[in-house]
Protein chains: 2
Amino acid sequence: MLSEFDLIKQYFKRPRPGRAALGIGDDCALLAPSPGMQMAISSDMLVEDRHFFAGADARMLGHKCLAVNLSDLAAMGARPVAFTLALALPAANRDWLAGFAAGLFALADQHGCELIGGDTTKGPLNICITIFGELAPGHALRRDAAIAGDDLWISGTLGDARLALAGYRKEYPLDAAALLAAGARMHTPSPRVALGMALADARLAHAAIDISDGLVGDLGHILAASKVGATLDVDALPAGPVLAAQPQALRRSFCAAGGDDYELCFTAPRSRRDAIVAAAHASGTAVTRVGTIDAAPGLRLVDGAGHALDLQLAAFDHFASA
Amino acid sequence: MLSEFDLIKQYFKRPRPGRAALGIGDDCALLAPSPGMQMAISSDMLVEDRHFFAGADARMLGHKCLAVNLSDLAAMGARPVAFTLALALPAANRDWLAGFAAGLFALADQHGCELIGGDTTKGPLNICITIFGELAPGHALRRDAAIAGDDLWISGTLGDARLALAGYRKEYPLDAAALLAAGARMHTPSPRVALGMALADARLAHAAIDISDGLVGDLGHILAASKVGATLDVDALPAGPVLAAQPQALRRSFCAAGGDDYELCFTAPRSRRDAIVAAAHASGTAVTRVGTIDAAPGLRLVDGAGHALDLQLAAFDHFASA
């Protein structure tokens with residue numbers, strides 16, 4: 001019989017000391033940002049059948065639930081420091097816990113991000129992480145900082161996670177190899193932490209957001225917060241390797257409004273183009289210019305020739321979609 | 001149709017600016033502790049049918065889910081600053097949201113604690129709050145700081161929440177008035193934030209914990225972390241007003257191992273007795289001395305005459321109990 005306290009001790013408490021003045025095992029953890037720094041804080045809750053399939057691989061889940069939180073830090077340009085984990089589990093299954101902890105800590109260790117506390121309870125599977133990063137005041141990549149004339153950039157590639165979902169749902173035929181390759185993108189996203197930090201540290205970008213609900217919807221948050229518009233060249237969007245081999249209509253749709261990409265969408269002055277390419281290279285992340293920020297409100301989708309495109313797209317909304 | 005973004009805007013985003021440099025609406029919130037201070041951080045997850053009954057009053061739930069987190073700050077002696085809220089909801093029901101937000105913000109405002117971000121999603125009802133307080137370094141009331149010879153203290157009263165649960169479950173007959181009075185203690189606990197801060201600020205106490213899973217179990221965490229034992233006078237435990245009118249066996253059991261009390265259990269040197277009573281008075285919270293910390297390991301339960309008591313008690317464990 002695995003008790004709540006044994007569960008935490010065996011799977012989540014690690015011997016090695018980290019940045020926190022006090023970690024797992026008291027009523028609160030104690031943590032201070034480096035002198036003069038702000039903390040960037042984000043919470044994400046992942047629910048079975050909503051954010052992942054029932055029976056999803058535990059190791060993958062451990063990776064993904066931390067990855068989506070690291071992606072929020074990346075979108076602000078913050079350095080990861082620590083996180084809390086609250087976990088509702090139908091049962092305390094040792095194999096599941098070992099796999100989940102392995103996936104979680106493998107990614108946490110890559111980013112020097114320490115588990116400092118949390119909660120465990122019995123209940124329908126639900127994983128809630130709150131993550132803490134740090135940032136110099138004034139350096140955050142905020143949604144409200146885009147300026148007309150800025151270039152619009154995308155990190156990495158888009159659409160393979162959405163393509164995998166279409167394959168799993170049998171909405172679109174994918175052979176086993178394609179589904180495996182696209183599925184890896186859906187299950188184990190790579191948060192663009194190094195790129196975000198480089199953009200913020202050197203003040204290369206104005207605004208940024210991470211693409212979780214689909215580019216068009218997420219870019220819309222930057223436009224609304226910054227009170228600007230944009231022209232987006234849909235054919236310039238960098239499709240993931242599996243999606244790149246599919247028909248144009250699918251490429252356009254899944255790049256522009258796929259979701260689960262965890263790439264960065266950011267805006268930056270034209271004068272920073274070379275510095276951005278250099279920073280992207282140094283952080284091992286591709287970047288692509290895909291449009292411009294305009295003074296006129298609204299998002300204009302255009303094709304490679306600059307002609308208006310009328311795509312029927314919708315951002316993902318947890319309460320609108322069934 | 002209430003979208004995810006409308007839901008946040010209508011029910012959770014508030015016009016008045018708080019301590020955070022950036023609140024709800026970006027990838028992360030930005031928050032810095034006051035210069036020189038540490039952040040105390042705690043997460044609690046509340047699940048339907050586990051921590052509260054299905055169909056529980058939304059306003060009460062809004063209060064309780066924040067109260068249990070404030071209680072963790074109180075147990076460290078930290079000043080509440082801010083919190084994030086992650087919410088999985090079966091549906092976006094306006095009445096439920098309005099009630100929940102009212103209960104949540106009424107308590108948050110009492111403690112100057114600002115909602116700075118979070119997440120909402122569709123799913124089985126699950127409420128996860130991560131709370132942030134601040135503390136001067138070295139002032140935290142830690143579980144590992146009890147010293148042999150310390151007095152053992154309890155704030156407020158114990159057992160009425162457990163008595164209400166027994167009443168709701170028909171394990172024990174309670175008339176409607178008694179159930180209503182005891183139920184209030186279960187549904188709307190009062191976190192002992194002012195007392196915890198007073199104890200930490202003036203360094204009056206050594207160790208502290210909040211009583212959520214039952215005194216004997218929670219005190220056990222102090223004893224284990226501090227490598228000490230204790231003698232607990234079960235008949236000195238301050239029973240809640242409804243429990244106080246019940247038979248002795250029930251009083252002893254529910255005071256010693258009730259759960260859901262959200263009182264503080266703390267240890268302090270004998271030399272601080274007068275200062276503690278004065279601090280308790282100033283913070284509007286009763287305190288009672290109920291035993292002593294011993295060098296010999298183990299917890300010894302005694303009656304009012306000092307004779308050993310053999311109570312069959314078990315702390316609440318989320319995975320041990322069905």
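Please read these numbers as outputs of a predicted model, since none were measured by experiment. (Residues numbered from 1 in each chain as written. Chains lettered and ligands numbered in written order. Predicted model: local features only at pLDDT ≥ 70, side-chain atom pairs only at ≥ 80, totals over all residues. Heavy atoms only, no water.)

Some details on the relation of the copies chain A and chain B
Thinking step 1. When chain A is fitted onto chain B, the two copies agree to an RMSD of 0.0 Å after a turn of 180 degrees and an axial shift of 0.0 Å. What we have between these two chains is a two-fold relation.
Thinking step 2. Comparing contact sets, 100% of the residues at the interface of chain A also lie at the interface in chain B, consistent with an isologous, same-surface contact. (Least-squares fit on C-alpha atoms with pLDDT ≥ 70 in both. Contact = heavy atoms within 4.5 Å.)

Remarks on the environment of R142 of chain A
Thinking step 1. Among the secondary structure elements, R142 of chain A is positioned in the loop between β5 (126-135) and β6 (151-155).
Thinking step 2. Among all residues touching R142 of chain A, those that are not within four sequence positions of it are H206, A207 and A208 of chain A together with A21, L22 and D26 of chain B.
Thinking step 3. Side-chain polar atoms of R142 of chain A contact the side chain of D144 of chain A, separated by 3.0 Å. (Helix = DSSP H or I, 4+ residues; strand = E, 2+ residues; numbered from the N terminus. Polar contact = N/O pair within 3.5 Å; in protein donor to acceptor, adjacent residues only side chain to side chain.)

A closer look at the pattern of salt bridges
Thinking step 1. In this structure the tally under the stated criterion is 22 salt bridges over all chains.
Thinking step 2. Here R162 of chain A ties to E171 of chain A by a salt bridge, and the two come within 3.4 Å at their closest N and O atoms.
Thinking step 3. Taking relative accessible area as the criterion, E171 of chain A reaches 44% and is therefore assigned partly exposed.
Thinking step 4. Across the pair R185 of chain A and E263 of chain A runs a salt bridge, and its minimum N-O distance is 2.7 Å. Taken together, the positions of R185 of chain A in helix α5 (residues 176-187) and E263 of chain A in strand β9 (residues 263-268) put the pair 78 residues apart, joining distant regions of the chain. Each of the two residues, R185 of chain A as well as E263 of chain A, counts as buried.
Thinking step 5. Within the structure, one salt-bridge network assembled from shared partners comprises D26 and D27 of chain A together with R143 of chain B. (Salt bridge = Lys/Arg side-chain N within 4 Å of Asp/Glu carboxyl O. Buried < 20%, exposed > 50% of the residue type's maximum accessible area, 1.4 Å probe, protein only.)

Details of empty space enclosed by the protein
Take a probe with the size of a water molecule and roll it over the atoms, and the empty space left behind shows itself.
Residues and elements named next belong to chain B.
Thinking step 1. This model, assessed by the stated rule, comprises 3 cavities of 30 Å³ or more.
Thinking step 2. When its volume is computed, the largest cavity comes out at roughly 40 Å³.
Thinking step 3. Lining the largest cavity, in full, are H51, F52, F53, A56, M60, K64, M186 and H187.
Thinking step 4. Elements with a minimum of two residues in the lining of the largest cavity: α2 (58-76) and α5 (176-187).
Thinking step 5. Per-class residue counts for the lining of the largest cavity are 5 nonpolar, 2 polar and 1 charged. (1 Å grid on protein atoms, 1.4 Å probe; cavity = no way out; pocket = protein on both sides within 12 Å on 5 of 7 lines; lining within 4 Å. Points joined across faces, edges and corners; volume = space filled by probe spheres on them. Nonpolar A, V, L, I, M, F, W, Y, C, P; charged D, E, K, R; others polar.)

A few points about the confidence of the model for chain A
Thinking step 1. Taken as a whole, chain A shows an average pLDDT of 92; of its residues, 96% reach a score of 70 or greater.
Thinking step 2. Interface confidence in the predicted complex, given as ipTM, is 0.91; pTM for the same model is 0.93. (pLDDT = per-residue confidence, 0-100.)

Points about the pairing of β9 of chain A
Residues and elements named next belong to chain A.
Thinking step 1. Among the 6 residues in β9, 6 count as buried, and that is most of the element.
Thinking step 2. As judged from the 4 bridges shared by β6 and β9, these two strands associate in the antiparallel manner. Following the sheet pairing, W153 is matched in β9 by F266.
Thinking step 3. Where strand β7 (residues 208-211) and β9 come together, 4 bridges link them in antiparallel fashion. Pairing of A208 across the sheet is with F266, part of β9. (Pairing = 2+ DSSP bridges.)

Re the UniProt feature "binding site: ATP" (unreviewed entry) in chain A
Residues and elements named next belong to chain A.
Thinking step 1. Under the present numbering, the feature "binding site: ATP" (unreviewed entry) in UniProt falls on G118, D119, R143 and S212. The named residues occupy 95 residues along the chain; their greatest pairwise C-alpha distance, 31.2 Å, places them well apart from one another.
Thinking step 2. Tracing the sequence through the fold places G118 in strand β4 (residues 114-122).
Thinking step 3. With relative accessibility at 39%, the residue G118 sits in the partly exposed group.
Thinking step 4. Residue position: R143 is located in the loop between β5 and β6. (UniProt positions renumbered as here; feature names shortened; annotations may be inferred.)

Describing the environment of A78 of chain B
Residues and elements named next belong to chain B.
Thinking step 1. With respect to the secondary-structure elements, A78 resides in the loop between α2 and β3 (79-89).
Thinking step 2. For A78, a relative accessible area of 0% translates into the label buried.
Thinking step 3. Distance in space between the C-alpha atoms of A78 and I116 is 18 Å, their sequence separation being 38 residues.
Thinking step 4. Setting aside residues up to four positions removed in sequence, A78 forms contacts with A40, L73, G133, E134, L135, V193 and M197.

Quick look at the state of the cysteines
Structurally, a disulfide amounts to a covalent bond that connects the sulfur atoms of two cysteines.
Thinking step 1. Inspection of the entire model under this criterion finds 0 disulfides over all chains.
Thinking step 2. With no disulfide of its own, C65 of chain B has C128 of chain B as its nearest cysteine by sulfur position, at a separation of 9.8 Å.
Thinking step 3. In this structure C113 of chain B is not part of a disulfide, and its nearest cysteine sulfur, from C28 of chain A, lies 11 Å away.
Thinking step 4. In this structure C113 of chain B comes out as buried when scored by relative accessible area, which is 4%. (Disulfide = S-S within 2.5 Å.)

Focus: the sheet that holds strand β1 (residues 29-31) of chain B
Thinking step 1. Here we have 5 strands laid out as an open sheet, ordered β4(A)-β3(A)-β5(A)-β2(A)-β1(B), and mixed in their pairing. Two strands lie at the open edges of the sheet, namely β4 of chain A together with β1 of chain B, each paired on one side alone. Within this sheet the neighbouring strands show an average axis-to-axis angle of 20 degrees, counted without direction.
Thinking step 2. Of the pairings in the sheet, the one linking strand β2 (residues 38-47) of chain A to β1 of chain B comprises 3 bridges and is antiparallel in character. Across the sheet, residue M39 of chain A finds its bridge partner in β1 of chain B, namely L31 of chain B.
Thinking step 3. In the packing of helix α1 (residues 4-12) of chain A onto the sheet, the strands contacted are β3 (79-89) and β4 of chain A, and the crossing angle to β4 of chain A comes to about 145 degrees. (Axes fitted to C-alpha atoms, helices over the stretch in contact; angles between N-to-C directions.)

Regarding the UniProt feature "domain: PurM-like N-terminal" (unreviewed entry) in chain A
Thinking step 1. In the numbering adopted here, UniProt assigns the feature "domain: PurM-like N-terminal" (unreviewed entry) to residues 25-134 of chain A.
Thinking step 2. With 33% helix and 38% strand, residues 25-134 of chain A has its two end C-alpha atoms placed 24 Å apart.

Some words on the interface of chain A and chain B
Thinking step 1. Between chain A and chain B, the contact holds 67 residues from the first and 68 residues from the second.
Thinking step 2. Summed over both partners, the interface of chain A with chain B comes to about 5,200 Å²; 61% of that surface belongs to carbon and sulfur atoms.
Thinking step 3. For D27 of chain A, the salt bridge identified is with R143 of chain B, shortest N-O distance 3.2 Å.
Thinking step 4. Only α1, β1 (29-31), β2, α2 (58-76), β3, β4, β5 and β7 of chain A provide two or more residues apiece to the side of chain A that touches chain B.
Thinking step 5. In terms of residues, the side of chain A that touches chain B owes the most to one element, β2 of chain A, which gives 9 residues.
Thinking step 6. Across the side of chain A that touches chain B, the residue classes tally to 38 nonpolar, 16 polar and 13 charged. (Buried area = accessible area lost by both parts, 1.4 Å probe.)

Notes on helix α8 (residues 248-257) of chain B
For an α-helix, the turn length of 3.6 residues means that residues three or four places apart are oriented alike.
Residues and elements named next belong to chain B.
Thinking step 1. Buried residues of α8: L250, R252, F254, C255, A256 and A257, and no others.
Thinking step 2. The inward-facing, buried residues of α8 contact α4 (160-168) and α7 (215-226).
Thinking step 3. Two residues or fewer past α8, G259 is found with a positive phi of approximately 100 degrees.

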